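Topology and contacts: notes
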Amino acid sequence: MVDKIVDLRSDTVTKPTDEMRREMKKAEVGDDVFKEDPTVSKLENKAAEIFDKEAGLFVSSGTQGNLISLLTHAQSGEEVILGRDSHIFNYEVGGFARLGGLSARPIKEEKGRLPLEKLIENIKGSDIHFPEQSLVCLENTHNGHGGVPVSGDYIEKIGQICMQKDLKLHIDGARIFNASVYLEEDVSNLCEPADSIQFCLSKGLSAPIGSIIVGSRDFISRARKNRKIVGGGMRQVGVIAATGLISLDKMIDRLKKDHEKANRLAEGLKDLGFEINPNKFKTNIVYLSLDQMNYSTNEFLGLLKEKGIKALSHEDKIRFVTHREVSKEDINYCLEAIDNLIH
Ligand SMILES: *Cc1c(COP(=O)(O)O)cnc(C)c1O
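The model shown is predicted, which means the values in this text are computed figures rather than measured ones. (Residues numbered from 1 in each chain as written. Predicted model: local features only at pLDDT ≥ 70, side-chain atom pairs only at ≥ 80, totals over all residues. Heavy atoms only, no water.)

This part takes up the layout of surface pockets. Its volume calculated, the largest pocket comes out at about 400 Å³. Lining the largest pocket are 20 residues, and of these Gly144, His145, Lys280, Tyr287 and Lys317 sit closest to its centre. At 3 residues, the largest contribution of residues to the lining of the largest pocket is made by strand 9 (residues 285-289). A class-by-class count of the residues in the lining of the largest pocket yields 5 nonpolar, 7 polar and 8 charged. Mapping the lining of the largest pocket onto the domain boundaries places at least three of its residues in each of domain 1 (18-250) and domain 2 (254-342). (1 Å grid on protein atoms, 1.4 Å probe; cavity = no way out; pocket = protein on both sides within 12 Å on 5 of 7 lines; lining within 4 Å. Points joined across faces, edges and corners; volume = space filled by probe spheres on them. Helix = DSSP H or I, 4+ residues; strand = E, 2+ residues; numbered from the N terminus. Nonpolar A, V, L, I, M, F, W, Y, C, P; charged D, E, K, R; others polar. Domains from an automatic or database assignment.)

If you want it as structure tokens, here you go:
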């Protein structure tokens, strides 16, 4: 056993900062179901301002934010177009189908993007055989595709197609600020064509809990009702929203450091002889394929764990996610440990 723990399972493991703890204590609160929590309102308004949308809604998680967005854009029986490798399609327990009565038309992404011609092919029109289609979902950064940031130019093109075809556009922006920091583009520009965006406060931005949906005033007021339906109406939740305000004020610019650490990890793995292209991993997620190794992913994870290194498997790969609580020294420690394992 080792004393050292380097937790690279996810950026969700980040704990609230000391400043967040202090702000929790000071937060002014009220009953947010009655819209009387000033700290929640402040956070929602601030998020809306940053994205240049009319309104925001504080929700308990990214999964809840996506579910509420889909329930608000689409009626039971309608179809959602999304990525085959997307989080909404794969990792949200099929909530849109079970709770929203929605079906999905998955499209295989390339580098985190729905290929434009594939998207157009999959917009079906009003033939009697097809369900009505109501929206398209993008993911940015795209988790399953190595945290790849999706550019504003591309989103603009998707937005134009959606506009022409009368479809809504939702962005699962769990890590949208990782994209904006990498692309050096404001989220307001990046997400301009989207009708709604969900982003997580509880990942690299280090808040303990919470996500926000932003969109038009009308959309958010309908989403508020759907939040109540899924049991997401919370009361004196300003104690949590206070941490989100710190996330938005202080935790965005530093995401760059997480990207540098991920890059260092990917470069180091390449130097150790793994077949990995560090240029593929632009933000804070790195996937390592064990193709040329004699270990299964589970065996490899077990060996890492003996060294105090935690990671997750994703299909036939190992996923590492960097964040505030992993230092450059920790990354060096991991590389040394892996070096010892394989040589
Ligand atoms: C983490 C994540 C979510 C879900 O967020 P939770 O807060 O864990 O429910 C949604 N989409 C993507 C791309 C994610 O990485």
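In the numbering used here, UniProt assigns the feature "modified residue: N6-(pyridoxal phosphate)lysine" (unreviewed entry) to Lys203. Residue class for lysine 203 comes out buried when judged on its relative accessible area of 14%. Not counting residues within four places of it along the chain, the set of residues in contact with lysine 203 comprises Asp11, Thr12, Thr14, Ala174 and Arg175. (UniProt positions renumbered as here; feature names shortened; annotations may be inferred. Buried < 20%, exposed > 50% of the residue type's maximum accessible area, 1.4 Å probe, protein only. Contact = heavy atoms within 4.5 Å.)

Side chains carrying opposite charge are able to pair once their charged atoms draw close together. Evaluated as defined, the whole model comprises 16 salt bridges. The closest approach of N and O atoms between aspartate 32 and arginine 227, which form a salt bridge, is 3.5 Å. Of this pair, aspartate 32 sits in the loop between helix 1 (18-26) and helix 2 (38-51) while arginine 227 sits in helix 10 (residues 217-229), and the two are 195 residues apart along the sequence. Taking the relative accessible area as the measure of exposure, arginine 227 reaches 3% and is therefore buried. Between arginine 222 and aspartate 218 there is a salt bridge, with its nearest N and O atoms 3.2 Å apart. In this pair, arginine 222 and aspartate 218 are both assigned in helix 10, 4 residues apart and thus about one turn of the helix distant. Taking relative accessible area as the criterion, aspartate 218 reaches 47% and is therefore assigned partly exposed. (Salt bridge = Lys/Arg side-chain N within 4 Å of Asp/Glu carboxyl O.)

Before going further, it helps to spend a moment on the pairing of strand 9. Burial analysis of strand 9 places 5 of its 5 residues in the buried class, the great majority of the element. Residues Ile285, Tyr287 and Ser289 point to one face of strand 9 and Val286 and Leu288 to the other, with burial holding for every one of them.

What follows deals with the side chain of histidine 259. Relative to the elements of secondary structure, histidine 259 occurs in helix 12 (residues 255-271). The buried category is assigned to histidine 259, whose relative accessible area is 7%. In this view, histidine 259 contacts Asn178, Val181, Tyr182, Lys282, Thr283 and Asn284; residues no more than four positions away in its chain are not counted.

What the domain assignment reports for the protein is domain 1 (18-250) and domain 2 (254-342). The C-alpha centroid of domain 2 is placed 29 Å from the C-alpha centroid of domain 1. Listed by partner, the interface residues are 17 residues for domain 1 and 14 residues for domain 2. Summed over both partners, the interface of domain 1 with domain 2 comes to about 1,400 Å²; 54% of that surface belongs to carbon and sulfur atoms. When the area that domain 1 buries against domain 2 is broken down by residue, the three leading residues are Gly146, Asn178 and Tyr182, summing to 32%. Our count for the contact surface shared by domain 1 and domain 2 stands at 0 salt bridges. The tally of links between domain 1 and domain 2 comes to 6 residue pairs in polar contact (both at pLDDT 80 or more). A per-element tally of the side of domain 1 that touches domain 2 places helix 8 (residues 176-183) first, with 4 residues. (Buried area = accessible area lost by both parts, 1.4 Å probe. Polar contact = N/O pair within 3.5 Å; in protein donor to acceptor, adjacent residues only side chain to side chain.)

Another aspect to go through is the site of the ligand. Near the ligand you find 13 residues, and of these Gly62, Thr63, Asp172, Arg175 and Lys203 are the closest. The separation between a nitrogen atom of the ligand and a polar side-chain atom of histidine 87 is 3.5 Å. Contact with the protein chains covers 85% of the free accessible surface of the ligand, which is 380 Å². It is helix 3 (residues 62-73) that contributes the most residues to the shell around the ligand, 3 residues altogether. Residue classes in the shell around the ligand are distributed as 2 nonpolar, 6 polar and 5 charged. (Near = heavy atom within 4 Å. Areas by Shrake-Rupley, 256 points an atom, 1.4 Å probe, with all protein chains shown as cover.)

Before going further, it helps to examine the UniProt feature "domain: Aromatic amino acid beta-eliminating lyase/threonine aldolase" (unreviewed entry) in the protein. This chain's UniProt record puts "domain: Aromatic amino acid beta-eliminating lyase/threonine aldolase" (unreviewed entry) on residues 7-288. Between the end C-alpha atoms of residues 7-288 there is a gap of 16 Å, over a span that is 41% helix and 15% strand.

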